[in-house]
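Chain by chain, the residues run as shown.
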Amino acid sequence: MQELRVGILGFGVVGRGVVDLLLTQGELLRQRTGMAIRLRRIATRTPGRDRGLSLGDIELTDDLQRVVAADDIDVVVELMGGLQPARSAIEEALQSGKDVVTANKALLATYGHELVPLALAQHRELLFEAAVAGAIPIIKVLRESLAANRIDQLYGILNGTCNYILTEMREQGSSFADVLRDAQAKGFAEADPSFDIDGIDAAHKLAILAAISFGTFPALSQIHIEGIRHVADIDIQWATEMGYRIKLLGIAKQDAGGVELRIQPTLVPVGSMVASVEGVHNAVFVRGHAAGTTMYYGRGAGEAPTASAVVGDLVEIARSRRAGCSGRVAPFSVMPEYIKRFPVRETDEWRGEYYLRLAVADRPGVLAEVTQVLAKQQISIDAIHQKGRSAVLAVPLIMVTHATTERQIRLALAEMEQLDAVQETPRFIRIEPNVA
Ligand code: HSE
């Protein structure tokens, strides 16, 4: 029986999951591929650490070259993360005729436009199902199952840590800081959580999804990235009272005027499917012109779910090799010569409904002053709420607008901030009323 000889770079949580799957599911993988997927070598900075696995004759080394440059390895699985040395290792592996599987979203979002042509020129595979939304097979779906569709919109919950924090804030009625501390204690959030909670991780994933969907390579600087630090418990309570949930959404839209790419806290209707995605789960919704909207849901992180995606890519490579082909599907779907740069629409030109929160003095005439500012910017109000009384403290004033442009909202909020009665910087959160 033919063999697919595998080398792994990185032996952290995902690496451990991949090794475990390969060791325990060998027979199943043989039946499904007609090949033996044989793990030969793992390069890790800590080869001596006990991972609780019986590795048999699998070699452990702290030398990346023993995997990348080895002539007894067919596929390199890169699970180190970070830009370097991962980028050089992948380039070297492709140049020496190896296929590559990676879970490295930061690398693909930053250097995908260079790695993809290299893989195609070498007639090798570059597969990365695990880089976006863990176990959810969204890359394969976009590249293959929906290949007949013009994708005009894609959105989803791409970061489990943020979704967990927002879910807990609502269910426990707790503040962002308290839930984050608790999530870190339970191991659901990293000690340095900024990549997750500031939206960077989700932006990397959105860049990859947009590249495949739209045939473009957006620069990360073209993505509007807002995390969840400024979502207050009072916003979550008001959203709930008004029939919404707050979710950190990645949104990619395309029309004749250009592309919009954003990571943002968003109010979505409580009855929508997006709203029902809770806790650490991820979900991606894709709108294709022929297929309509389809939804993909599951675990976006964790040892076994992410390993499932990595080993699924190894199965694809084994099948291709057995069939004597390679590079059947371009890594980002579109052949590189058709990759275009699309104009990215400025935030000022975005249109939508907005949730506004002000802290105002509780005295006659304040509401009139505030609504006058909105009227001046031609912003129409859908709902207005004010609860509580205080002769001394500011009280919250919550408003929901009809569709308007972000330019008008920003101008109105800047003007409101100058009013004597407005006692804190006004906040806004965008609303997506039409999500599935
Ligand atoms: N840290 C990510 C999350 C998973 O919380 O969803 C890996 O991208």
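How each quantity is defined
Residues numbered from 1 in each chain as written. Predicted model: local features only at pLDDT ≥ 70, side-chain atom pairs only at ≥ 80, totals over all residues. Heavy atoms only, no water. Phe/Tyr/Trp six-rings, centres within 6.5 Å; stacked < 30°, edge-to-face > 60°. Helix = DSSP H or I, 4+ residues; strand = E, 2+ residues; numbered from the N terminus. Buried < 20%, exposed > 50% of the residue type's maximum accessible area, 1.4 Å probe, protein only. Axes fitted to C-alpha atoms, helices over the stretch in contact; angles between N-to-C directions. Parallel < 35°, antiparallel > 145°, perpendicular 65-115°, else oblique. Left-handed = near helix turned anticlockwise from the far one by under 90°. Contact = heavy atoms within 4.5 Å. Nonpolar A, V, L, I, M, F, W, Y, C, P; charged D, E, K, R; others polar. Pairing = 2+ DSSP bridges.

Enquirer: I'm lost on the packing of aromatic side chains in this one. Help?
Expert: Two aromatic rings are characterised by how far apart their centres lie and by the angle between their planes. Within this structure, the stated rule accounts for four aromatic pairs. With a centroid separation of 5.3 Å and 10° between ring planes, the pair formed by Tyr 155 and Phe 285 is classed as stacked. Of the two residues, Tyr 155 sits in strand E7 (residues 151–157) while Phe 285 sits in strand E11 (residues 281–288), which places them 130 residues apart along the sequence. On the basis of relative accessible area, Tyr 155 is assigned to the buried category, the value being 6%. Summarising the aromatic geometry, the rings of Phe 217 and Phe 332 are spaced 5.0 Å apart at their centres and angled 45° between planes, so their arrangement reads as tilted.

Enquirer: Sorry if this is basic, but what is going on with the packing of helix H7 (residues 160–172) against helix H8 (residues 176–185) here?
Expert: For any two helices packed against each other, one specifies the crossing angle of their axes together with the interaxial distance. Viewed as axis vectors pointing N to C, H7 and H8 meet at an angle of 125°, and their least axial separation amounts to 9 Å. Between H7 and H8, the crossing angle belongs to the class labelled oblique. For the pair H7 and H8, the crossing hand works out as right-handed. Residue-level contacts link Tyr 164, Ile 165, Glu 168 and Met 169 of H7 to Phe 176, Val 179, Leu 180, Asp 182 and Ala 183 of H8. The residue inventory of the contact of H7 with H8, partitioned by class, reads seven nonpolar, no polar and two charged.

Enquirer: Explain unusual backbone geometry here, please?
Expert: Note: most residues except glycine have negative phi, and most peptide bonds are trans. A cis amide bond links Gln 84 to the next residue, Pro 85, at an omega of 5°. Tracing the backbone shows Pro 85 in the loop between strand E4 (75–78) and helix H4 (86–95). Backbone geometry places Ala 133, a non-glycine residue, at a positive phi of 60°. Assignment of secondary structure puts Ala 133 in the loop between strand E6 (126–127) and helix H6 (138–145). One non-glycine residue, Ser 333, lies in the positive phi region at around 75°. With respect to the element layout, Ser 333 can be found in the loop between helix H12 (303–322) and strand E13 (351–360).

Enquirer: Is there a simple way to explain the sheet that holds strand E1 (residues 3–9) in this structure?
Expert: Through backbone hydrogen bonds, the strands of a sheet pair up, either in parallel or in antiparallel fashion. A sheet is described by the order of its strands in space; here six strands give the open sequence E3-E2-E1-E4-E5-E6, paired in parallel fashion. Only two strands of the sheet have a single partner each, and these edge strands are strand E3 (59–61) and E6. Where strand E5 (residues 99–102) meets E6, two bridges bridge the pair, whose relative direction is parallel. Pairing of Val 101 across the sheet is with Leu 127, part of E6.

Fair warning: the whole summary comes from geometry, so function is off the table for now.
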